[in-house]
Amino acid sequence: MNKKDLSLLVLILVVGAVVAFINPRFLYVGNLSNTLNQVGMFGIFSIAEAFVIIIGGIELSVGSVIALLGVIFIDLIVNHDVNWVLAVAAIIAGGLVIGLVHGALVTRMHIQPFVVTLCGLLIYRGAARYYTEDATAGFGFGASFPTLEWLTAGRTNVLGFPLPHSVMALVIVAGVAWVLLHRSVFGRYLYAVGKNEEAARYSGIRSERVMISAYVICGGLTAFAAILFAMYTRSISPAVHGSFYELYAIAAAVLGGCSLRGGEGSIIGVVLGTVLLQVLQNLVNLLGIPSSLNFAVMGAVILIGVLADQYLVQRRHHVSPAKGRGQTSVAAAPLERVKVD
Amino acid sequence: MPEPFLELVDISKSYPGVVALDHVGLAVSPGEVIALIGENGAGKSTLMRVLGGVVEPSGGTIRVDGAERSALTVAEAIAAGIAFVHQELNLFDNLDVAGNVFIGREPVHGGPLRLIDRKALYARTQPLLDRLGADFAPDAPLADLSLAQRQLVEIMKALSLEARLVIMDEPTSSLTLSETDRLMRVIAGLKADGVSIIFITHRLNEVMQCADRAVVLRDGRMVGALTRAELSPAAMIRLMIGRDLKSLYVPPAAPPGEAVLDIVEAVTDTYPERAVSLSLRRGEILGLAGLVGSGRTELARVIFGVDPLRGGVIRLEGDPIRAASPRAAIDHGIYLIPEDRKGCGLLLDVSIAENISLPDLSSYLRFFLVNTAQETENARTQRERLKIRAPDVGTTVGSLSGGNQQKVVLAKWLSMRPKVLIFDEPTRGVDVGAKQEIYEMLRRLADAGVAILMISSDMEEVIGVSDRIAVMHEGAISGFLDRSQFSEHNVLQLAVGHAVEMRVP
């Protein structure tokens, strides 16, 4: 765990302690379990987003993909009697294909990722609404998938605490993603491409493939999150389901140390970022703050966090500009500036 | 000759470790055309930046209309009537011609609304166009203009600022012959109006054509001035060289072997009508000399698979290869140490160890994961071998000096099995000590059987390190030199496109 992650953890503990002090209900098992369930679902697509942000891209269609794949999933198992294992596989495959298309448009057609995924955001939302004719998709009475429901939305008692399965899924996803990003060759390539695509290419990295893979991974994980959300909410109104989720994902990634310029960020950071966002949500509910202020509180806390981080980084540079610099070099001077801003 | 209005006296400029200008003096009279010549890195651009107020000299005085100053600011330089036409033009291609000429000084109307007075804008631009005999309208979008026309826009901008001195940095380097002719006429016209011109160029025939005198810089010193009567290509080349080279040369352990890399009629995007052929032999260091922009880097990029090969064949050990990407070239054992070390060679805020392992990560695998212990160990070995001065291999590359950064780039490739190594300006921004170490490493690699292509603009390096020199001029090889023919004179002759009389000493 690096310094940034550690300070984020401290911030979460402080905010948590304050909330618990004002309203002890924060620590009730039911509340914690529900908050964790949210963390699990939001964390998975935030990690998805982080993959794309690390290569210097952006994915804005997360929320719309969750809506579209969610309604298709419910439709498949409820109305078309598709075996749920097959349906899960189909939905994940759909997510992978969406990622592949985004990645191809960005790298082969050289369209800016913001534009590609903004169009995705609009298209998938529209498709979701058209697919259900703007009606709510849900499980009718009697429709029952006990195994699937238990797997996705169930909870298991661990030492007396009802641990949501979504959070277990997050732990597995985060673990695999951590190894992939921080220990594997592919992870190195992701960071290298995000840091300096040109230098990566000159080092023999097929940067286009690496970038496409990031979008594909993002699409697959988002599809997985879409299934969890569908099973959790049990009914999806395609006009609003998952809206703004891409912003939660980006916020969590940024809180977790990802730079929108690419090449930075850690999985632990992204998970902690998700936790902080959900604690803040919870805080708004528990402290009696009007829920209309929900987003405003989140925005303010993120802004303060980023400002504080910037301030600390700058101070570190001003206090010890020559630290860790064996030789002085003309070359290093401009770099200093780049790092600060 | 009228009195000079601008004088530079004893101007010096030093950067840490480098003296860029060493007591240079220059006086400019109205209506004078001065050619400023010298090799790459002789200090021409620095001198002009002093004039433009961009660089503050470390010593000397600047006298403008009799007033003495130790330095100019950009605003003062503009106020003094000094205007710059940069090599890479500073124009906005989303504006029209008039908008570019009067950028920041647009005539306005409408009181506090400060709307742009288009009519006045175009009316003021037209006379400037007429003066230069330009064939485009004031409202022509800049994006539609050719490079030569854009240059005229820059000159118009200078004239609209009442410039008395226009400095042109290699104005003809990207122009066609007829465009160059027109520029020469424009220069003559400005001269007739009493505007002075300083132009930096590598093309000696242009100097012959339009300069009143030539000033020659070498290693930051002014080594000579030639009057119109004294101007001749031979005289200029003599002044540009005129120094004894320290001998750096270490002969190869064995005579060069068979050809490893054959480039047959290779065509690059930059010079579609020119083809390059050369062959690189095992164990030799082939220096590739030429002026900046002669197509050397482009050739390297094509061999390394960064840019597509537009024609011709590249053969490695006899077999034609098609390097469609750097990955393919690397898999063939062809490695490039690029010119732009920071942009293309390294990940600056990543550790030395991770930079070194990057091209060959798959050989550091243990259960699909990167074996960091092995990675660190290899980086340590390379650090010893190349004498990379850094506290630890975990140090980020960005904090190292230029020489040590270059050694890290080299270490990337030396951890693998090079057949062909292409160095593009291997010692640019590298201090003297590290330079020597890099040269020794080059020789050791060549002796170990690697074929080395060394692109260099540093004459001392080309002559001191190479076993053979190929010289490029405007996208083609203008000649090869064997060691017996090595001289700065010969390299420079070929670099400016003249033939070399093959005298064997």
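Residues numbered from 1 in each chain as written. Chains lettered and ligands numbered in written order. Predicted model: local features only at pLDDT ≥ 70, side-chain atom pairs only at ≥ 80, totals over all residues. Heavy atoms only, no water.

Under an unreviewed UniProt entry, chain B has the name ATP-binding cassette domain-containing protein and belongs to Bradyrhizobium cajani. What UniProt records for chain B under Subcellular location (unreviewed entry) is the sentence "Cell membrane". (UniProt positions renumbered as here; feature names shortened; annotations may be inferred.)

The name given to chain A in an unreviewed UniProt entry is ABC transporter permease, and the organism recorded there is Bradyrhizobium cajani. As recorded by UniProt, the Subcellular location (unreviewed entry) comment attached to chain A reads in full: "Cell membrane".

Residue and element names in this part refer to chain B. All chains considered together, the criterion is met by 32 salt bridges over all chains. Measuring nitrogen to oxygen at the nearest pair gives 3.7 Å for the salt bridge that ties Arg182 to Asp135. Separated by 47 residues along the polypeptide, Arg182 in helix 6 (residues 177-192) and Asp135 in the loop between helix 4 (118-132) and helix 5 (147-160) bring together distant segments of the chain. On the basis of relative accessible area, Arg182 is assigned to the partly exposed category, the value being 21%. Residue classification places Asp135 among the exposed residues on the basis of a relative accessible area of 55%. Linked through salt bridges whose partners overlap, the residues forming this network are Glu258, Arg282, Glu317 and Lys419. (Salt bridge = Lys/Arg side-chain N within 4 Å of Asp/Glu carboxyl O. Helix = DSSP H or I, 4+ residues; strand = E, 2+ residues; numbered from the N terminus. Buried < 20%, exposed > 50% of the residue type's maximum accessible area, 1.4 Å probe, protein only.)

Residues and elements named next belong to chain B. Strand order in the open sheet formed by six strands is 6-9-10-3-11-12, and the pairing between neighbours is mixed. Both outer strands of the open sheet, strand 6 (82-85) and strand 12 (221-227), are each paired with one neighbouring strand and no more. Between one strand axis and the next, the sheet turns by 20° as a mean value, whatever way the strands run. Note that strand 6 and strand 9 (residues 165-169) share four bridges and pair parallel. Among the inter-strand pairings, Ala83 is bridged to a residue of strand 9, identified as Val166. (Pairing = 2+ DSSP bridges. Axes fitted to C-alpha atoms, helices over the stretch in contact; angles between N-to-C directions.)

Residue and element names in this part refer to chain A. Under the UniProt annotation, the feature "transmembrane region" (unreviewed entry) is placed at residues 36-55, 60-78, 84-106, 113-131, 167-191, 212-232 and 295-313. The distance separating the terminal C-alpha atoms of residues 60-78 is 29 Å; by composition the span is 89% helix and 0% strand. End-to-end, the C-alpha atoms of residues 212-232 are 30 Å apart, and along that stretch the chain is 100% helix and 0% strand.

Now for the state of the cysteines. Scanning the model with the defined rule gives zero disulfides over all chains in all. Left without a disulfide partner, A:Cys119 is nearest to the cysteine sulfur of A:Cys218, which lies 16 Å away. (Disulfide = S-S within 2.5 Å.)

Turning our attention to the pairing of strand 18 (residues 334-337) of chain B. A regular strand places its side chains so that they alternate between the two faces of the sheet. Residue and element names in this part refer to chain B. Side chains of strand 18 alternate between two faces, with Ile334 and Leu336 and Tyr335 and Ile337 buried alike. Relative to strand 21 (residues 420-424), strand 18 is paired through four bridges, and the arrangement is parallel. When the sheet's bridge partners are listed, Leu336 is paired in strand 21 with Ile422.

All names here are of chain A. For Thr107, the location among the structural elements is in helix 4 (residues 84-107). A residue is classified by how much of its surface remains accessible, and Thr107, at 5% relative accessible area, is buried. Polar contacts involving the side chain of Thr107 include one to the main-chain carbonyl oxygen of Gly103, which spans 2.9 Å. Non-local contacts of Thr107, meaning those with residues more than four positions away in its chain, are made with Glu208, Met211 and Ile212. (Polar contact = N/O pair within 3.5 Å; in protein donor to acceptor, adjacent residues only side chain to side chain. Contact = heavy atoms within 4.5 Å.)

Turning our attention to the environment of A:Ala169. With respect to the helices, strands and loops of the structure, A:Ala169 is situated in helix 7 (residues 165-183). The contact partners of A:Ala169, leaving out residues within four places of it in the chain, are A:Ile44 and A:Phe224.

A few words now on the interface of chain A and chain B. If you look at the interface, chain A gives 25 residues, while chain B gives 38 residues. Between chain A and chain B the total buried area reaches about 2,700 Å² when both faces are included, carbon and sulfur atoms providing 58% of it. Where chain A packs against chain B, one counts two salt bridges. Here A:Arg188 ties to B:Glu375 by a salt bridge, and the two come within 2.5 Å at their closest N and O atoms. (Buried area = accessible area lost by both parts, 1.4 Å probe.)

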